[in-house]
Amino acid sequence: MRARSVLSALVSLFALTVVACGGSAGSSGGSQTGQDLVIGVPMSITGVQAKEGGLAKQGYDLWLDWINAQGGVNANGTKHKVVLKYEDDQSKPDISAQLTTKLITQDKAQLLLGPYGSATTASDAVVAEKNGIPMVEANGAAQAIFNNGYKYTFGVLSPANKYLEGVIDMAATLNPKPSTMAMLSADDSFSLEVAKAAQEYATSKGFNVVYTDRYPNGSTNLSGLVANAKAKNPDMVLNSGHLAEAVAINKAAKDLRLEAKLYAYSVGPSTPDFVNSLGPDSHYVYGGSQWTPQVKYKPSFYLSVPDYVAAYKKKYATSDDPDYHVAESTAACLALQKAIENAGSVKPDKVRDALASLDVITFFGRIKFDSRGINTYKPMVVEQIQTDGKHHTVFPPDVADAKPQYPTPAWSSR
Amino acid sequence: MTLLVQQLVLGLLIGGVYVAVAIGFSLVWGVLNIVNLAHGGLVIIGAYLTWLLFSAFNVDPFLSIPIVAAALFVIGYVVQRLLINRVIRAPIFFTLLLTFGVNLVIINVLLLLFKSDFRSVTPSYSGSGLSLGGVQLPYIRVAGLAVALLLAGAVALFLARSRIGGAIQAVGADRDAAQLVGVDLRHVYALTFGIGAACAGVAGGLISTAQAITPSAGEPYTLQAFVVVILGGLGRVSATVVGGLLFGVVETLAQTMVPGLGAGWANAIAFAILVVVLAVRPRGLMGRPV
């Protein structure tokens, strides 16, 4: 007992000396260097979402390099080097929650960045809340995460109900204005949430929803539903589902000569797979996206959009543009950084309060959280695959790089 | 009325794909007494080969059918000879386990080779078709149905007329008796499995033009082949044709003609009909008496 207290006294003495030395060294350089800031990150390094998880990690690491090159994140004149402590949650919500607890209790993470996916984010949010550690997440868009009254979870991305709203807003500006709409949806909860919101929003904007139906997740034979939709002769065909179903619907629409003025699919068109699978038949199709490399936001700090794209290509030695998963993940880091700077502190509670009142423009768009902690202030942008075979951002007009190619010509005259 | 006719046509067209998928499955089940859980995997190998020929050498998906079928025949022959033959007389559980494992190997090899990106074969004439009084007949799908029926006819003719076909049928009827009269069992087994795989390859070629494929896209087709064979009845090619077309029509009508229920009920209705058929005619609609 006695030996132990002597030892601990010695250790504290040693620690004091180190801190004192560190302090004096720092003060001679103008701004002080504080302790390293440990940010915990549970992430899908393996498992079913390993590909998307890898993209999210790229986004986090891109910011990590940048901020540490600046000497760290600046809290009231003291610069803290940032350490991102990753744990592989295998894309499983229960494991993700356990690892989040470990990151907070053992690794002493003061702040958290979110995992990949709505399910893991929802389970990690519970842990963040219980421990009073703020988590900024970029890859969980289901509103369910934000309807529990949590105070410590913040999402920088537009929520699920916004996915097709941009398309409908855009449709209202087109000439000749479309008036009728068919809405198909896969039957998973995320797709249904997107579809329900799109239907309600379209109705409120004066569109007439003439056909709706849902199909089992992963269906590849959707010709029957498309034939039903065709019988109603809709001006717009919207789908809320996944890539395989978007391809099936587009093929069936051509097979059955469903002639709509506008085709828009929640997920699918933004990926290269969609264009590769369909070739020229993918032209004119619209899709919602969290972000595109063409957007023209004027950021108040960090990099501009072209610089961000260039930095990405340089770090990862690729000619591909960064995916929106990468961009939104970097945006989560920026929200944390700005909140720390505004709070002038890295203390979890101070950072949380600063996050709640944050309002900045970044390369990813505006970041401002509503009372539930989700970023409802950033619009989804609308992309279109145009006749040059490339993706163009067509809405909202202030960030667009091209005008919508509208109306979609008849299949026979393409 | 036009819509109903259109839905019937669509049902028959998708039924053609089910026929193509189920012919090989039925043959292997009937002769080797193996429920081949790797059948969907073989179908997707066929789809990837078609895609590869199309994207790399611009070979038309219908022209590549013989090449793909030949390649799949070789794969099927070798897999049977080296692997499946070891459990040919084992209890059904072992054959299920082995073919399940083969399926996993196929999926993961395809993942290594092609990643999980979506692929599809979209030739220039894709989506063009004939319009008859408001009913659309997409050429590629009609051609798919024709190929499926031709395939069924060819397999039926081969089994009925050729010497090897006779041997295959003999083995299916009674393998010990067939062996006694001088049939080389191992060769016939491997041939049958090879033909089954070749049929799967043809089906894969058709599927690659109709949908986007990934390495695991074959799994639903194993189940569908199973249902079609039970619905039609085991042991006759014509039974598979009837079962496949019927399943396609029932599925499409259930998907679209029941207002308000949504397509989610299509499978439930199709399987309910399967249960009814099994209760009334346990050997399937056209199954032979045992």
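**Points about the overall build of chain A**
Piece 1. Within chain A, the secondary structure is distributed over 12 helices and 17 strands.
Piece 2. The C-alpha radius of gyration computed for chain A amounts to 24 Å, which stays within 12% of the reference 22 Å derived for 414 residues, consistent with globular compactness.
Piece 3. Viewed in the frame of its principal axes, chain A has a C-alpha envelope of about 90 × 40 × 35 Å.
Piece 4. Buried residues in chain A amount to 53% of all 414 residues.
Piece 5. Restricting to contacts in chain A with at least 6 residues of sequence separation, those with at least 24 account for 67%.

**Concerning the domain arrangement of chain A**
Residues and elements named next belong to chain A.
Piece 1. Here the domain parsing of chain A yields domain 1 (34-158 + 295-368) and domain 2 (162-289 + 380-413).
Piece 2. With 8 residues of domain 1 in contact, the opposing surface of domain 2 contributes 8 residues.
Piece 3. Across the side of domain 1 that touches domain 2, the residue classes break down as 4 nonpolar, 3 polar and 1 charged.

**Notes on helix α2 (residues 39-57) of chain B**
Piece 1. Between its first and last C-alpha atoms α2 of chain B spans 27 Å; for 19 residues at 1.5 Å apiece the expected length is 27 Å, and the two agree.
Piece 2. Asn58 of chain B sits one or two positions beyond α2 of chain B and adopts a positive phi of about 60 degrees.

**Thoughts on unusual backbone geometry**
All names here are of chain A.
Piece 1. Asn175 connects to Pro176 through a cis peptide bond whose omega is 0 degrees.
Piece 2. Its location among the elements puts Pro176 in the loop between α5 (165-173) and β9 (180-186).
Piece 3. Of note, the bond from Tyr406 into Pro407 is cis; its omega dihedral lies within 30 degrees of zero at -10 degrees.
Piece 4. Tracing the sequence through the fold places Pro407 in the segment after β17 (391-395).
Piece 5. Notably, Asn76 is not glycine yet its phi reads approximately 55 degrees, a positive angle.

**Quick look at the packing of helix α6 (residues 163-173) of chain B against helix α8 (residues 185-210) of chain B**
Residues and elements named next belong to chain B.
Piece 1. Interaxial distance between α6 and α8 falls to 10 Å at its minimum, and their mutual angle equals 100 degrees. With respect to α8, the element α6 is oriented roughly perpendicular. Where α6 abuts α8, its residues Ile164, Ala167, Ile168 and Val171 lie against Leu185, Val188, Leu191 and Thr192.
Piece 2. Along the lines of polarity and charge, the residues of the contact of α6 with α8 split into 7 nonpolar, 1 polar and no charged.

**A look at the pairing of strand β10 (residues 208-215) of chain A**
All names here are of chain A.
Piece 1. In this structure, β9 lies alongside β10, joined through 7 bridges in parallel fashion. Following the sheet pairing, Ala186 is matched in β10 by Tyr215.
Piece 2. Note that the unit made of β9, helix α6 (residues 189-204) and β10 has a crossover that is right-handed.

Conventions adopted
- Going along each chain's sequence as written, the residues are numbered from 1 onward.
- Labels follow written order: the first chain is A, the first ligand is 1, and so on.
- Predicted model: local features are reported for residues with pLDDT of at least 70 only, side-chain atom pairs are reported and counted for 80 or more only, and whole-chain, interface and lining totals are derived from all residues.
- What counts as a helix is a DSSP run of H or I of at least four residues, what counts as a strand is a run of E of at least two, and both are numbered from the N terminus.
- Put simply, the radius of gyration uses C-alpha atoms, and a globule should come to 2.2 Å times the residue count raised to 0.38.
- Here exposure depends only on C-beta density: within 10 Å of a residue's C-beta, 20 or more other C-beta atoms make it buried, 12 or fewer make it exposed, and intermediate numbers make it partly exposed, the C-beta atoms being placed from the backbone.
- Throughout, a pair of residues is in contact if the C-beta atoms placed from their backbones lie within 7 Å.
- Domain segmentation is taken from an automatic or database assignment of domains.
- For this classification, Asp, Glu, Lys and Arg are treated as charged, while Ala, Val, Leu, Ile, Met, Phe, Trp, Tyr, Cys and Pro are nonpolar and the rest, including Gly, are polar.
- Multiplying 1.5 Å by the residue count of a helix minus one yields the expected span of that helix.
- As a rule, the C-alpha atoms of each element are fitted with a line to give its axis, helices using only the stretch in contact, and angles between N-to-C directions run from 0 to 180 degrees.
- Angles below 35 degrees are treated as roughly parallel, those above 145 as roughly antiparallel, those between 65 and 115 as roughly perpendicular, and all remaining angles as oblique.
- In short, DSSP must find at least two bridges between two strands for them to pair.
- If the strands point away from the viewer and the path from the first strand over the helix to the second runs clockwise, then the crossover is right-handed.

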